[in-house]
Amino acid sequence: MYVDSLLRSQFGKPSGLFGALFMGPILNLSNTRLVNAAVELLDPQAKDTVLDIGFGGGLSLLALAAKAPEAKIVGVDYSREMVETAARLVRDKKLDARVSVKWGDVAKLPFRAGTFHKVLTVNSLYYWPDLIGSLREVARVMKPGGRLAAGFRSEASLGPLTRDWEGFWLYEPRKFAGIMRKAGFEALRVEHRDQGQVLDTVVVVGRKPVARRQSSTV
Ligand SMILES: C[S@@+](CC[C@H](N)C(=O)[O-])C[C@H]1O[C@@H](n2cnc3c(N)ncnc32)[C@H](O)[C@@H]1O
């Protein structure tokens, strides 16, 4: 029971000495395949400004930087330990000219409206208590026509491993796509790989609609 709640809290918000020392490498090792799939489907381009929400150990920041070598990448995470770990990683890899990280909560992102062309989030949305409200907040900081790629494990995959975890919400891929639509996105693609394996790979891709011009009535 203690191990269960330690895992729930460390995966949800790495903290303390354990979080600072171990959670970055653990997350990076266990999530490589999902992170790579989500980055591939986000398809970041050279001139894009990209936001990564809940980057944890920072693997996704490196994958984004490798995929789009001139893009500007900004990460936000509400674990101070993960922000420090990722900042070190970015400095060590000499990426700090175009990759930056800061503390922040998806519920109230510390950015102006319309800042980002693309947004990535991997394995973080299970911990967002108000999923629709958070997705609306994500849409706020995106440019019209911007693309969101959300990577996660399905309820069928993670459910048996996380029984009785409190403050942890799982989704089937199509259900998540429906919630994304309710939050105002167009759902472009639902990708479900590795079905039947212990950890599957889900990436749902959405787009913030381009507002239609009002036709004037005479
Ligand atoms: C399970 S880890 C996933 C890390 C990484 N994306 C990966 O897939 O390896 C979840 C991360 O999301 C962050 N997170 C959870 N809820 C958040 C929120 N409301 N705002 C910002 N970050 C959040 C946590 O601090 C943690 O670093």
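Summarised in this report is the structure supplied together with it.

**Some thoughts on the packing of helix H3 (residues 32-42) against helix H4 (residues 59-67)**
For step 1, the next point in the chain: Closest axis-to-axis distance for the H3/H4 pair is 10 Å, and the angle between their directions is 40 degrees. In terms of their interaxial angle, H3 and H4 are classed as oblique. For the pair H3 and H4, the sense of crossing is right-handed. The segment H3 lies against H4, with Thr32, Val35, Asn36, Val39, Glu40 and Leu42 engaging Leu59, Ser60, Ala63, Leu64 and Lys67.
For step 2, the next point in the chain: Among the residues making up the contact of H3 with H4, the classes are represented as 6 nonpolar, 3 polar and 2 charged.

**Describing the nonpolar core**
For step 1, the next point in the chain: In terms of nonpolar packing, the biggest core is built from 35 residues, with Leu51, Ile53, Leu125, Leu135, Val138, Phe176 and Phe185 touching the most fellow members.
For step 2, the next point in the chain: If you list the elements that add at least two residues to this core, you get strand S1 (49-53), strand S2 (72-77), strand S4 (116-122), helix H6 (131-141), strand S5 (142-152), helix H8 (173-182) and strand S7 (201-207).
For step 3, the next point in the chain: Here this core takes 5 residues from H6, the largest share from any one element.
For step 4, the next point in the chain: Discounting residues that sit within four places of it in the chain, Val138 has contacts with Ile53, Val106, Leu109, Val119, Leu148 and Phe185.
For step 5, the next point in the chain: Among the nonpolar cores identified, the runner-up in size contains 27 residues, and Leu34, Leu42, Val50 and Ala149 belong to it.

**Structural notes on the environment of Ala46**
For step 1, the next point in the chain: Looking at the element boundaries, Ala46 is found in the loop between H3 and S1.
For step 2, the next point in the chain: When its relative accessible area of 35% is taken as the criterion, Ala46 is described as partly exposed.
For step 3, the next point in the chain: For the pair Ala46 and Lys72, spaced 26 residues apart in sequence, the C-alpha to C-alpha distance is 8.4 Å.
For step 4, the next point in the chain: Not counting residues up to four positions away in its chain, the partners in contact with Ala46 are Glu70 and Ala71.

**A word on the site of the ligand**
For step 1, the next point in the chain: Taken together, 21 residues lie around the ligand, and Asn31, Gly54, Asp77, Val122 and Ser124 are the ones closest in.
For step 2, the next point in the chain: A distance of 3.3 Å separates a nitrogen atom of the ligand from a polar backbone atom of Tyr78.
For step 3, the next point in the chain: About the coverage of the ligand: the protein hides 98% of its 600 Å² of free accessible area.
For step 4, the next point in the chain: Considered class by class, the residues forming the shell around the ligand number 10 nonpolar, 8 polar and 3 charged.

Procedures and definitions
- Residues numbered from 1 in each chain as written.
- Predicted model: local features only at pLDDT ≥ 70, side-chain atom pairs only at ≥ 80, totals over all residues.
- Heavy atoms only, no water.
- Axes fitted to C-alpha atoms, helices over the stretch in contact; angles between N-to-C directions.
- Helix = DSSP H or I, 4+ residues; strand = E, 2+ residues; numbered from the N terminus.
- Parallel < 35°, antiparallel > 145°, perpendicular 65-115°, else oblique.
- Left-handed = near helix turned anticlockwise from the far one by under 90°.
- Contact = heavy atoms within 4.5 Å.
- Nonpolar A, V, L, I, M, F, W, Y, C, P; charged D, E, K, R; others polar.
- Core = buried A, V, L, I, M, F, W, Y, C linked by side-chain atoms within 4.5 Å.
- Buried < 20%, exposed > 50% of the residue type's maximum accessible area, 1.4 Å probe, protein only.
- Near = heavy atom within 4 Å.
- Polar contact = N/O pair within 3.5 Å; in protein donor to acceptor, adjacent residues only side chain to side chain.
- Areas by Shrake-Rupley, 256 points an atom, 1.4 Å probe, with all protein chains shown as cover.

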